[in-house]
Structure formats: structure tokens, C-alpha cells
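Structural features, examined
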Amino acid sequence: MPRTINVLIILSALIMAFIWLMGPYSAHIDFIPDQGPTWYFWKLPDADFITRLSAWGSFVAHQVFFWWLIWDGKCKKQRGEIQYSNGLQRHNYIALFGNLFFIIWHVVQTKLFYDGLAQDTHVFSGQFAVIILLSLVLVLENQRRGLIFGKSIGWINHVRYLVKEYHGYYFSWAIVYTFWFHPIEINAGHMLGTFYAIMIMVQGCLIYTRYHQNRNWTVLLETFVLIHGAIVAWLSVYHNIWPMFAFGFATMFMVTGIYGLGLQRSTIRLLTLLYIAIVIFFYRHDLTAIQEVVRIPFILILVAIVLAAMIYPFARKPTKPAPEAKQKTSA
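Residue numbers run consecutively from 1 along every chain, following the written order of its sequence. Note on the predicted model: pLDDT of at least 70 is required for a residue's local features to be given, and 80 or more for side-chain atom pairs to be given and counted; whole-chain, interface and lining totals, by contrast, use all residues. Side-chain measures were taken over the full set of non-hydrogen atoms in the model, leaving aside hydrogen atoms and water.

**Here we look at the environment of E222**
To keep things clear, this is the line we draw: Only runs of H or I of at least four residues qualify as helices and only runs of E of at least two qualify as strands under DSSP, and these elements are numbered from the N terminus. Throughout, a contact is declared for two residues whenever any of their heavy atoms are within 4.5 Å.
In this fold, E222 is placed in helix α7 (residues 215-235). As for E222 and L133, which are separated by 89 residues in sequence, their C-alpha atoms are 9.9 Å apart. Sequence-distant contacts of E222, that is, excluding residues within four places in its chain, are made with L134, V137, L138, R145 and Y196.

**A closer look at empty space enclosed by the protein**
Operational definition: Of the grid points, spaced at 1 Å and generated over the protein atoms alone, those admitting a 1.4 Å probe that cannot get out make up cavities, while open sets with protein on both sides within 12 Å along at least five of seven lines make up pockets; any residue with an atom within 4 Å of a point is treated as lining. Grid points are joined across faces, edges and corners, and a volume is the space filled by probe spheres set on the points. All amino acids are sorted into three groups, where Ala, Val, Leu, Ile, Met, Phe, Trp, Tyr, Cys and Pro are nonpolar, Asp, Glu, Lys and Arg are charged, and the leftover types, Gly among them, are polar.
Applying the stated criterion across every chain yields a total of two cavities of 30 Å³ or more. If you add up the space inside the largest cavity, you get close to 110 Å³. Along the walls of the largest cavity sit L134, L138, E222, T223, V225, F249, M252, F253, T256, G257 and L300, which together make up its complete lining. Of all the secondary-structure elements, those providing two or more residues to the lining of the largest cavity are α4 (125-145), α7 and α8 (242-255). Tallied by class, the residues present in the lining of the largest cavity amount to seven nonpolar, three polar and one charged. For the second largest cavity, the calculated volume is near 40 Å³.

**Structural notes on unusual backbone geometry**
Residue P24 is bonded to the preceding G23 through a cis peptide linkage, with omega at 0°. Mapped onto the elements, P24 comes out in the loop between α1 (3-22) and α2 (49-78). Phi at F149 takes a positive value of approximately 50°, unusual for a residue other than glycine. Residue placement: F149 occurs in the loop between α4 and α5 (154-181). For Y208, which is not glycine, the phi dihedral falls at a positive 65°. Its place among the elements puts Y208 in the loop between α6 (188-205) and α7.

**A short note on the packing of helix α3 (residues 90-112) against α6**
Counted only if it meets this: To get an axis, a line is fitted to the C-alpha atoms, and for a helix only the part in contact is used. The angle between two axes follows their N-to-C directions and goes from 0 to 180 degrees. We call two directions roughly parallel when the angle between them is under 35 degrees, roughly antiparallel when it is over 145, roughly perpendicular when it lies between 65 and 115, and oblique otherwise. Throughout, a crossing is termed right-handed when the near helix is turned clockwise from the far one, and left-handed when it is turned anticlockwise from it by less than a right angle.
Closest axis-to-axis distance for the α3/α6 pair is 9 Å, and the angle between their directions is 155°. When the interaxial angle is binned, α3 and α6 end up roughly antiparallel. The element α3 and its partner α6 pack so that their crossing is right-handed. Contacts from N92, A95, L96, N99 and I103 of α3 reach α6 at I198, M201 and C205.

**Remarks on α1**
Put simply, the test is: Under the convention used throughout, the expected extent of a helix is 1.5 Å for every residue step, that is, one less than its residue count. Exposure categories follow from relative accessible area, calculated using a 1.4 Å probe and restricted to protein chains: below 20% of the type maximum is buried, above 50% is exposed, and the middle band is partly exposed. When we speak of the arc, we mean the arc of directions from the helix axis to the C-beta atoms.
In this model, α1 (20 residues) spans 29 Å end to end at C-alpha, consistent with the 28 Å of a helix rising 1.5 Å per residue. Within α1 the residues assigned to the buried category are I5, L8, S12, I15, M16 and I19. For α1, the angular spread of the buried residues around the axis is 100°, confining them to a single face. Opposite the buried face of α1, by more than 90 degrees, sit the exposed residues R3, I10, L14, W20 and L21. Contacts from the buried residues of α1 go to α3, α6 and α7.

**A word on the side chain of D115**
Put simply, the test is: Two N or O atoms form a polar contact when they lie within 3.5 Å of each other; inside protein one atom must be a possible hydrogen donor and the other a possible acceptor, and for residues adjacent in sequence the pair counts only when both atoms belong to side chains.
Within the secondary structure, D115 is located in the loop between α3 and α4. At 2.5 Å, the side chain of D115 forms a polar contact with the side chain of Q119. Residue contacts for D115: discarding those within four places in its chain leaves K43, L44, A47, T51, A55 and Q109.

**Things to note about the packing of α4 against α5**
Look at α4 against α5: their axes get within 8 Å of each other, and the N-to-C directions meet at 155°. Viewed along their axes, α4 and α5 adopt a mutual orientation that is roughly antiparallel. Crossing geometry of α4 relative to α5 is assigned as left-handed. Looking at side-chain class alone, the contact of α4 with α5 contains 18 nonpolar, seven polar and two charged residues.

**Some thoughts on the side chain of N142**
For N142, the location among the structural elements is in helix α4. On the basis of relative accessible area, N142 is assigned to the buried category, the value being 0%. Those residues in contact with N142, other than ones at most four positions away along the chain, are L147, S152, I153, I156 and N157.

**Here's the deal with the packing of aromatic side chains**
The geometry of two aromatic rings is summed up by the distance between their centres and the angle between their planes. Counted only if it meets this: The criterion for an aromatic pair is that two Phe, Tyr or Trp rings (for Trp, the six-membered ring) have centres within 6.5 Å, with stacked assigned to planes under 30 degrees apart, edge-to-face to planes over 60 apart and tilted to the rest. Counted as over-ring charges are cases with an Arg CZ or a Lys NZ within 6 Å of the ring centre that also lie within 35 degrees of the ring normal.
Applying the stated rule across the entire model yields 24 aromatic pairs. Between W242 and F282, the aromatic rings sit 5.7 Å apart at their centres with planes inclined by 75°, giving edge-to-face as the arrangement. Residue W242 is found in helix α8, and its partner F282 is found in helix α9 (residues 265-282); the two are separated by 40 residues along the sequence. Classification of F282 as partly exposed rests on a relative accessible area of 35%. Joined through ring pairs, the aromatic side chains of Y40, W56, F59, Y170, F171, W173, Y177 and F181 make up one cluster. The ring of W39 is capped by K43, whose NZ or CZ atom sits 4.3 Å from the centre of that ring. The ring of Y25 is capped by K111, whose NZ or CZ atom sits 5.2 Å from the centre of that ring.

**So, the pattern of salt bridges**
The criterion, for reference: Here a salt bridge means any side-chain nitrogen of Lys or Arg lying within 4 Å of a carboxyl oxygen belonging to Asp or Glu.
Under the criterion given, the structure shown has seven salt bridges. Notably, a salt bridge pairs K74 with E165, separated by 3.7 Å at the nearest N-O pair. Taken together, the residues span a long stretch of sequence, with K74 in helix α2 and E165 in helix α5 at a distance of 91 residues. The class for K74 is buried, based on a relative accessible area of 17%. The salt bridge partner of E81 is R79, with a shortest N-O separation of 2.7 Å.

The values are spatial; any link to function lies outside them.
Put into C-alpha cells, the structure is as follows:
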């Protein structure tokens, strides 16, 4: 992993330490008792206009900032003011410090007002946003590493350039929305989720650098959801579903992500056999339950295919390969 990325990961961890030191955030709140799987527990029982404004206003400001960064970067790149670089540029520093401001402000906003977007939106909306994000990553990576066991689907490559051109707008919305959906909390689930959101923000801030395309870094981002999803499931009242998340995302990695690391095919086959053995050993007392390990990969791959099919009518064959696409392939 490049030194700059390692430094940014360490800085993200230090931000999490700051968040923990600033806690607790909700010791004074008497939450409404859990009302089932569609209920979000961490929200004010007596929300008002001001608390809602603090959450929605902050979300809109953060989102406008991120979209402006993407638009401004594209404009500057077209004018030749920004080139792909091996190091951070002025645009990247503006992005990093801007997002740092909004992260610290979210800590302050939670302290003062507590509420997040969860007060007015469905509990599953953030999960759906991330599902679409992960599925679009599959579309973007189809050409390089394939969609299933290293095999790419040709017609999906036809829409890749369009997804590549505009994915930043959706990715930033998905992560900013998820970030402001939750208030800041210091339990394990919230802390892991916040750390994950911060790392994806960092990825967005690394636009037009080689770090943005570093394979070890992008695979880490793509698979960190395994840790987050499994631990959140384990800590919930429905903790018996944690294997579905742990092995589901692990299976997703074995089906797709591992083929993008540049490993030899013989090594991939060996690791795949080892993983199958681990799965069989874990489910040895109830082999009928082993089917749950394919649920998440099936959903993500299906969503990727559906999204690509929806985009396909709007795609046209690019007349000239983008320079960054060539660089990415050769990386």
C-alpha cells in the first residue's frame, strides 16, 4: 500500500479516536423501545424543526461541496489544469480538508442536536444506497477482473465508460447520505460504519491520483463491508444472521475481488479450495444453511446486471479510449 494511503488510514483512525473521546453522545436521551427490524433505534423521540434542520442542512451542504469538487475537477481536467498525478494536488487537499470539516461538524452537530436523516427516512435506505454502490463497482471492474470467476460479460463493458464518467456523483451521494443518516455514536457498529464512510470519502478525495486506482486500496474498501456487516449483525438482536454477512461478502470476494489482485490462477484455485473447506467446516452441522453464503453475491451481481441493462440504452461506443482507462488497465 502506498505511503500516502497508509498515512490517510492512520489519520482516519485518529479521527475515530477523537470521536470516541468526545462521547458519549446519547446518554441523556430516553430512546423509544425497539419496535422491530424496520425500526431505527438511534433517533430523537421528540425531534423538532431545529434538530431536523441541523441534519438535513448539514447533509445538503456536505453533498453540494462534494458535487462541486467533482464538477470543478472535471472542468479543470478538460482545461488541462489537472493531470493524473503520483501525488496529491491542490484539488485533493481542498477535498480532504473540506471533508474533515464536515466530519468534525457532524460530531458537534450530534452533540448539540443529535438527530440524523434516519428521523425522516426508511431504515433500509442507507443499505440500498450501499448495495447499488457496490454493484456499480462490479460494473466498473467487469472489464479488468471479470464479473464471475474472472469472466467478464462483454455487453457490460459497453456501459463502463458512462458509469466511469459519472459514478463519482452517485458514490458521493451514497456515502454522504449514509454518513448523515446516522448520528455519531461510540458503539462498535456505529464506529465501524463511520470509519468505513470516512475511508470512502478519502477515496473520493483522491480523484485524479494513482492512489484512487491502487488495487490493494480499492479491494480493502470493497471488502471492509464484510467486517462491518458481520459485526453489526452479531451485535443486533438478530445476531444469528451474522454468518450470512461474513461468508456472503467473503464469497463475493472469492467470486470477484480476488481476480483483481494480480495473483496467479493456481494461487486463486488453491485459496478458493481452502475457502470452500472453511465454509463446509463451519456449516457441517447444518449443510442446508450453506445456501446463505450465496445470497449476497447473487443480489449484488444481479443488481449489477440490472443496472448495466438500464444504462445500456443511453450508452454509446466511445470514439477514443480515455487516457485514465489505459493507465488503469496497465496498473
